[in-house]
Amino acid sequence: MADRVLTTRELNRALLARQLLLERANLPPDRTLAAVCGLQTQHAPSGYLGLWSRTAGFRRAALTDALHRGAVVQGWAMRSTIHMLAAEDYAPFTAAVRAARRARWLRAEKRAAGLDMPAVAAAVRRYLADGPLPQARIVALLAADGVPAFAFAGAQLWVDLLRVPPAGTWNRPRANVFALAEHVVPGASPGPGDPQGGAPHEDAARDLLLVRYLRAFGPASAGDAASFTGLPPAVVRAALARCDVRRFRDGAGGELVDVPDGPLPDAATPAPVRFLPTWDATLLAHARRTQVLPDVHRPRVFATSMPRSVPTFLVDGQVAGTWRYADGRVVVTPFHDLPPAVDRELAAEAERLTAFHHHHGD
């Protein structure tokens, strides 16, 4: 039997459903983050805004508390990008991408050729043995040991580190205080070398990450999964061959894979107005098949002149404009004229987001 062909709109609705953007979930922050395979948080408030759009009755203090308790953690994960993750996802996701991240950094950072990175990582681990330190202090200690400042970025690929509160929260967005992951998350890699202790086997970790990616973003191609995870395409294809997946085709005939029970809403399913933060993963290249971000608008959202990207809003499942918080309110800038009914829905959601910004406390 020929594989079912999925239209762009069907893929769009599947992504929105799995990212909790069709209907807000009644889940705590860690469960929500597990469902959506983490949220990208180069700017810490993005995690708060992403959860606000995905969960019912979300309050900023709920995420801040989860970060303080270690139920949610913040650190490098897929693509060596800062993510907020459910704590139990950190060890397997990191194990899955560790080798690929190291190889990519060593290729890109030519200055590292003469450095013993496991030794640098071991030094960082010693500095943090008694508790968290600001990044500036870690870099200064490395300098005192004769290690150049750029090496700290690479060290994070040989010893697992987390960005910990009070930094990296709504009130203190700069995520510049680091702790050893093993002090926060059971099963995190305890040393500067390869995973030990409770860290999962690399193949099993990769299989888990790819299944979780499909559950949160599928159906998707192997190339999409490689783009999201940062794993080499050949590694992704080998892992998918081990996984229980169903297969589809896109409109151009390309193969898509999915978890057996992933939701596939009807293409006509209504999609409400939703506000998204900077760098929301639904807009990145791995999800281009869904056209949540229409190609015509991509340069207005991602550009080298805008290192944080820009916050956006969705109308009928697609980016239709940008927004900003200024002078105590959320201000929207549509890319095109909107029907009166959509204007009203957009204004109402903007008012709710304004109230979210006004709420006192972290």
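Residues numbered from 1 in each chain as written. Predicted model: local features only at pLDDT ≥ 70, side-chain atom pairs only at ≥ 80, totals over all residues. Heavy atoms only, no water.

Brief notes about the nonpolar core
The condition that has to hold: For our purposes a nonpolar core is just a set of buried Ala, Val, Leu, Ile, Met, Phe, Trp, Tyr and Cys residues, chained together by side-chain atoms within 4.5 Å. For the exposure calls, accessible area comes from a 1.4 Å probe over protein chains only, and a residue counts as buried if that area is under 20% of its type's maximum, exposed if over 50%, partly exposed in between. Helix and strand labels come from DSSP, where a helix needs a run of H or I of at least four residues and a strand needs a run of E of at least two; each type is numbered from the N terminus. Should any heavy atoms of two residues lie within 4.5 Å, those residues are considered in contact.
Residues Leu 214, Phe 217 and Leu 283 are the most contacted members of the largest nonpolar core, which totals 57 residues. Going through the elements one at a time, α1 (8–18), α5 (87–108), β7 (177–180), α9 (202–217), α10 (222–229) and α11 (233–242) are the ones with two or more residues in this core. Those residues in contact with Phe 217, other than ones at most four positions away along the chain, are Leu 15, Arg 18, Gln 19, Val 36, Cys 37, Phe 228, Ala 281, Thr 282, His 286 and Arg 289. Counting 30 residues, the second largest nonpolar core, distinct from the first, contains Ala 25, Tyr 48, Ala 66 and Phe 275.

A few points about the state of the cysteines
Short version of the rule: By convention in this document, the label disulfide applies to cysteine sulfur atom pairs within 2.5 Å.
A full pass over the atoms with the stated rule returns 0 disulfides. Cys 243 forms no disulfide, and the closest cysteine sulfur to it belongs to Cys 37, at a distance of 13 Å. With a relative accessible area of 15%, Cys 243 lands in the buried category.

Focus on the sheet that holds strand β11 (residues 312–315)
Sheet strands pair via backbone hydrogen bonds, and the direction of the pair is either parallel or antiparallel. Heads up, the rule is: Pairing between strands is defined by DSSP: at least two bridges between the two strands are required. The axes are straight lines fitted to the C-alpha atoms, using for helices just the contacting stretch, and the angles between their N-to-C directions are given from 0 to 180°.
Within the open sheet, the 4 strands sit side by side as β10-β11-β12-β13. Their pairing is antiparallel. Edge strands, defined here as strands with exactly one partner in the open sheet, are β10 (274–276) and β13 (329–334). In this sheet, adjacent strand axes meet at a mean angle of 35° when their direction is disregarded. Note: β10 against β11, 3 bridges, orientation antiparallel. Paired with Phe 275 across the strands is Phe 313, a residue of β11.

By themselves, these figures tell us nothing about what the structure is for.
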